[in-house]
Amino acid sequence: MRKFLNSAAFLAAFLLGTGLAGAHGFKVGELEIGHPYSRAMLPGAKVGGGYFKIVNPGNTDDRLVSVSSDRATSVQIHEMSMDGTIMKMRELPQGIVVPAGDTVELKPGGYHLMFMNVSQPFKEGEMVKAVLTFEKAGPVEVEFAVGPAGGDAHAGDAHKEHKK
Ligand SMILES: [Cu+2]
């Protein structure tokens, strides 16, 4: 089953990856994972972010429960939000619910993944593999397209607290 899912994801990546730069997607069960991407990490940086869209056209809620990657010792699911003027980050141990008929977006400033203790910093232009596991739809291997080092809060101060 896992093997089938992986090859299906690979095929989807191949078919969709040949279009517009970065416009790639993956499917698992009824869920569609749109354009996973990350940013190039600065030398010495230990954490990398991960972003994508999850579309759930089905009739049942699902939940992103865990993520793993051989590029990181662990991958955490985080939420970033403004508390007044202070940017706050917290890990979501329960993951992220993807309601039936809805779309959830992981993006800078909101929900995101954190690749922890990355030993080989992500470089622009490479693809970083990770496995997303959903409560109902199961696991799916996806690839994060690494773009330029961004000026968003991820690359900078907001993530210093993650390095402890
Ligand atoms: Cu974070």
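Reading the values: rules and limits
Residue numbers restart at each chain and count upward from 1, following the sequence in its written direction. With the structure being a predicted model, the display of local features is reserved for residues of pLDDT at least 70 and the display and counting of side-chain atom pairs for 80 or more, all residues being used for whole-chain, interface and lining totals. Processing note: side-chain calculations cover all non-hydrogen atoms of the structure and skip hydrogens and water entirely. Salt bridges are defined as contacts in which a side-chain nitrogen from Lys or Arg sits within 4 Å of a carboxyl oxygen from Asp or Glu. In this text, helices come from DSSP runs of H or I with a minimum length of four residues, and strands from runs of E with a minimum of two, each type numbered from the N-terminal end. To sort residues, take the accessible area from a 1.4 Å probe on protein chains only and compare it with the maximum for the residue type: under 20% means buried, over 50% means exposed, and anything in between is partly exposed. Centres within 6.5 Å are what make two rings of Phe, Tyr or Trp a pair, Trp counting through its six-membered ring; a difference in plane orientation under 30 degrees is then read as stacked, over 60 as edge-to-face, and the rest as tilted.

Participant: Which parts of the structure should I look at to understand the pattern of salt bridges?
Facilitator: As a working rule, side chains carrying opposite charge can pair if their charged atoms are close by. If you walk through the whole model with that rule in mind, you get four salt bridges. Notably, a salt bridge pairs Arg 63 with Glu 135, separated by 3.7 Å at the nearest N-O pair. Of this pair, Arg 63 sits in strand β4 (residues 62-68) while Glu 135 sits in the loop between β10 (127-134) and β11 (138-147), and the two are 72 residues apart along the sequence. We note a salt bridge from Glu 79 to Arg 90, for which the minimum N-O separation is 2.9 Å. In this pair, Glu 79 is assigned in strand β5 (residues 74-83) and Arg 90 in strand β6 (residues 86-91), connecting sequence segments 11 residues apart. Judged by relative accessible area, which is 18%, Glu 79 ranks as buried.

Participant: I keep staring at the packing of aromatic side chains and nothing clicks. Help me out?
Facilitator: What characterises a pair of aromatic rings is the spacing of the ring centres plus the angle enclosed by the ring planes. Applying the stated criterion across every chain yields a total of four aromatic pairs. Relative to Tyr 51, the ring of Tyr 37 has its centre 5.1 Å away and its plane inclined at 40°; by these criteria the two rings are tilted. Note that Tyr 37 is positioned in strand β2 (residues 31-39) and Tyr 51 in strand β3 (residues 48-56), a separation of 14 residues in sequence. Assessed through its relative accessible area of 22%, Tyr 37 is described here as partly exposed. With relative accessibility at 1%, the residue Tyr 51 sits in the buried group. Plain terms: the ring middles of Phe 52 and Phe 144 are 5.8 Å apart, the flat faces sit at 70° to each other, and that makes the pair edge-to-face. Pair noted here: Phe 52 is in strand β3 and Phe 144 is in strand β11, with a separation of 92 residues, a long-range link.

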